[in-house]
Each structure stands twice: as structure tokens, then as C-alpha cells.
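Notes for the structure review
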Amino acid sequence: MSDIAKLRLLLVGNYEPDRQISMKLFCDTLHGAFGARGVAVERIQPQPRLGRWRAGGRELTKWLGHADKFFLFPRELRKKVMALRAAHGDALIVHVCDHSNSMYAHEARDVRHLVTCHDLMAVRLALGQMPGPRVRFTGRRLQAMIRRGLESAAHVACVSQCTRNDLHRVCDLPESRSSVITLQLNHPYRRLAADAAWGIIGSRVPNDGRPLVLHVGNNSWYKNRDGVLRIYSAVLGSAAPAGAARPRLVIIGHEMTGAQTEYIAQRQLADDVVWLPSVEPKALEALYSVATVFLFPSLYEGFGWPPIEAQACGCPVVASTGGALGEVVAGSALTAESTEEAQLAR
């Protein structure tokens, strides 16, 4: 039996009602990849027990969810870790898959464990180290808990050098207890033939020969969807070659804000912008394959999956250099600072 096959891996995942899709994909990827290599893998995550109660409104449900995550689950996790340690000894490794759950590392303090750190934007915002939305008192307390959890972890694996730099900027942690392990794709993205791709896309996007500008991302402040709309509007306003078709913008992610909807209406872009709330990986692969360009002007990223997903499907990328993006695309995309919208449009 190989050494890796002797391991017992416990993955600590996220609270399902929080709908942290990228973290679920990361945990799913680890589970499948290690399992395929013969490692015995288990997964544990906070369950919505108190948080299932909806009668008290959104605010009460949120606090009941906090009780699920920070009061009930640590005890459950500790019990699980101790049972696995008794059965498997030093073969056990506990992996907290998301740094926002770093406080759970305390429950694995007696066994080998690590935390993966994806980005520290929220921690830095709470500390006043970067511009962004105001963080309330409760949010600052939560980010302090996360910071202390990272400082107590046996090892922190960062998804980029940028994130590792941020880790040591905000945490009192020896460099020997951190490393960089870049993310892999969470789906075997590849370029599809146009006919096959459009067959998968179907009626979600009109197939009328217009070039497609594609953007993937939620509506968090740092994803800069307002900037996506401004850059696209600038593209439409620039001189195009004679006979060139008017490009269409396809946005995949959370619902548009009221301000974004108003921007589209004021500039009469309703026939030019297609919004899709979410698509399955195969349909996303198809959209990457037929897009003319992928636009990703994030203000900051701890890593940034979408640009490398697009590139895996042969789609050219125009991106900002925010956070780790310059490191991740490293000369393989056209880049500019997120504030240089005219340059990104060109």
C-alpha cells in the first residue's frame, strides 16, 4: 500500500445555507481528487438545525445560523476528530477548506491539520487596510475570529502569492507555517466546437452572429460589475470597422442591482445585455467556447477562477491586475488596472 493510500482525510466544508458556491466546488474537487488517488476521504460541515427556522425573519435566521456554525458545530467536529484519531492515529489529516472557517482548526489542534486561505479581503476591510464597504461591529468581531483561527492553525495553504502576502500582513504567523498551492480547475474545461456549444447553450443566448463579451461573477463590490457595464458601454461607443456586428454582453451571476438595471435602461442596452443567474459547468464551458472575449475587471481577487476557465476553452481574456489576477494570468491576457476602464475597453 502506498503512503498516500494510508491517509485518512477529513474535509471541513461550509454551511450550506450560506450558498458559497465556489467553496463548495473547491471542497468537491478535493473530495473527488483525493478519493481517486485511493485516500479515504470524509466530509463534515455545519448543518442547518436552528437555522432552518424561518418564522422570525431574515435577521433572526442569520443569528440562528451563527449558532449552528459557532456553537453547535465545533462540538460535533471535535467529537468526530477524536473518534477518527482513535481509529487512525497519525494517518489522520483535517483540512479546513475555507479560511472563513479557520476557527474550526482549534477543534483539530491535537492532530495534523491545515487551512486553505483563498483571500483576506474581508479581514483587511475590517482592519481598514483597503477601500470598500463599511464593516459593522459584528463583522469586525467575526473577522477577528478568523484572523485568530489562522494564527493558531498548524499550516495555512494560500491559493496565490498575493494571498500569502496578505496573510502575513494581517496575521502574526511565521512564514514556515504557510505555503502557496495554486488552485486547479474545478471542471475539465475544454474548447467545444461552435455547433456543439450552441446546442448546449440553446435559447439562453441568441445565436445571431453577434460577437459575445462574457463576464462571470457575483454582485459583490469587488467583482466590479458596474465597471463591466461601463467598459462594455465604452466598447459600443467606440468606432467599429465598417460592417462589424454590434457585440452582445452576457453576464452570468447574481441578479442585477437596481442601479445596474437603470444604467442598462438609460443607455438603451436592453437588447444588448443578457443576464443569466447561473449555468451548469457544461453550459459555462459552451459559453466560454463561443465568446469573443472574456471580461474580468475585478477590483481585487485572491485567485480568480473564471479567467483560467475561459482560457482553458480558448477564449481570450481582458482582465484587471487586481490582487492576484496579474499573478494568475501572468502575461497570458490583456490587462490594465481596474480604474483604467478606457484602456480595458480598447
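Calculation notes
Residues numbered from 1 in each chain as written. Predicted model: local features only at pLDDT ≥ 70, side-chain atom pairs only at ≥ 80, totals over all residues. Heavy atoms only, no water. Helix = DSSP H or I, 4+ residues; strand = E, 2+ residues; numbered from the N terminus. Rg over C-alpha atoms; globule rule 2.2 N^0.38 Å. Buried < 20%, exposed > 50% of the residue type's maximum accessible area, 1.4 Å probe, protein only. Contact = heavy atoms within 4.5 Å. Areas by Shrake-Rupley, 256 points an atom, 1.4 Å probe, with all protein chains shown as cover. Lys, Arg positive; Asp, Glu negative; His and termini not counted. Charge placed at Lys NZ, Arg CZ, Asp CG, Glu CD. Core = buried A, V, L, I, M, F, W, Y, C linked by side-chain atoms within 4.5 Å. Salt bridge = Lys/Arg side-chain N within 4 Å of Asp/Glu carboxyl O. Pairing = 2+ DSSP bridges. Axes fitted to C-alpha atoms, helices over the stretch in contact; angles between N-to-C directions. Parallel < 35°, antiparallel > 145°, perpendicular 65-115°, else oblique. Left-handed = near helix turned anticlockwise from the far one by under 90°. Nonpolar A, V, L, I, M, F, W, Y, C, P; charged D, E, K, R; others polar.

1. Quick word on the overall build of the chain
Broken down by element type, the chain carries twelve helices and twelve strands. In terms of overall size, the chain behaves like a compact globule, its C-alpha atoms giving a radius of gyration of 22 Å where 346 residues would be expected to give roughly 20 Å. In the chain, which comprises 346 residues, the proportion classed as buried is 48%. A separation of at least 24 residues holds for 64% of the contacts in the chain among residues at least 6 apart in sequence. Accessible surface, the chain: about 16900 Å² in total, of which carbon and sulfur atoms supply 54%. The distance from the centre of the 41 positive side-chain charges to the centre of the 32 negative ones in the chain is 5 Å.

2. Considerations on the nonpolar core
Grouped together as the largest cluster of nonpolar side chains are 31 residues, with contacts concentrated most on Val205, Leu214, Val250, Ile252, Leu276, Tyr288 and Phe294. Counting residues per element, the ones that place at least two in this core are α6 (194-201), β7 (212-216), β8 (248-252), β9 (273-276), α9 (281-290), β10 (293-296), β11 (317-320) and α11 (325-329). The dominant element in this core, judged by the number of residues it contributes, is α9, at six residues. In this structure, Phe73, Leu77, Cys158 and Leu167 belong to the second largest nonpolar core, which totals 28 residues.

3. Thoughts on the pattern of salt bridges
On inspection of all chains with the given rule, the structure shows 16 salt bridges. Close ionic contact of Arg78 with Asp110 constitutes a salt bridge, the shortest N to O distance being 2.6 Å. Of this pair, Arg78 sits in helix α2 (residues 58-88) while Asp110 sits in the loop between β3 (92-96) and β4 (112-117), placing them 32 residues apart in sequence. The partner of Arg230 in a salt bridge is Glu341, and the shortest N-O contact between them spans 2.8 Å. A residue pair is termed long-range when its members are at least 10 positions apart, and Arg230 in helix α7 (residues 225-237) and Glu341 in helix α12 (residues 341-345) qualify at 111 residues. Residue classification places Arg230 among the partly exposed residues on the basis of a relative accessible area of 36%. Accessibility expressed as a relative area gives 19% for Glu341, which makes it buried. Three or more residues are tied together by salt bridges with common partners; here these are Arg8, Glu42 and Lys80.

4. Some points on the pairing of β4
Most of β4 is tucked away, with five of its six residues classed as buried. Of the strand pairs in this sheet, β3 and β4 are connected by four bridges, and their pairing is parallel. From the neighbouring strand, His95 faces β4, where its bridge partner is Leu114.

5. Here's the deal with the packing of α6 against α9
Geometrically, a packed helix pair is captured by the angle between its two axes and the distance between the axes. Where α6 contacts α9, the two axes come as close as 8 Å, and the packing angle between them is 135°. Considering their axes alone, α6 and α9 lie oblique with respect to each other. In the packing of α6 onto α9, the handedness of the crossing is left-handed. Residues Ala194, Ala197, Trp198, Ile200 and Ile201 of α6 form the contact with α9, whose own contacting residues are Lys282, Ala283, Ala286, Leu287, Ser289 and Val290. Here the residues of the contact of α6 with α9 sort into nine nonpolar, one polar and one charged.

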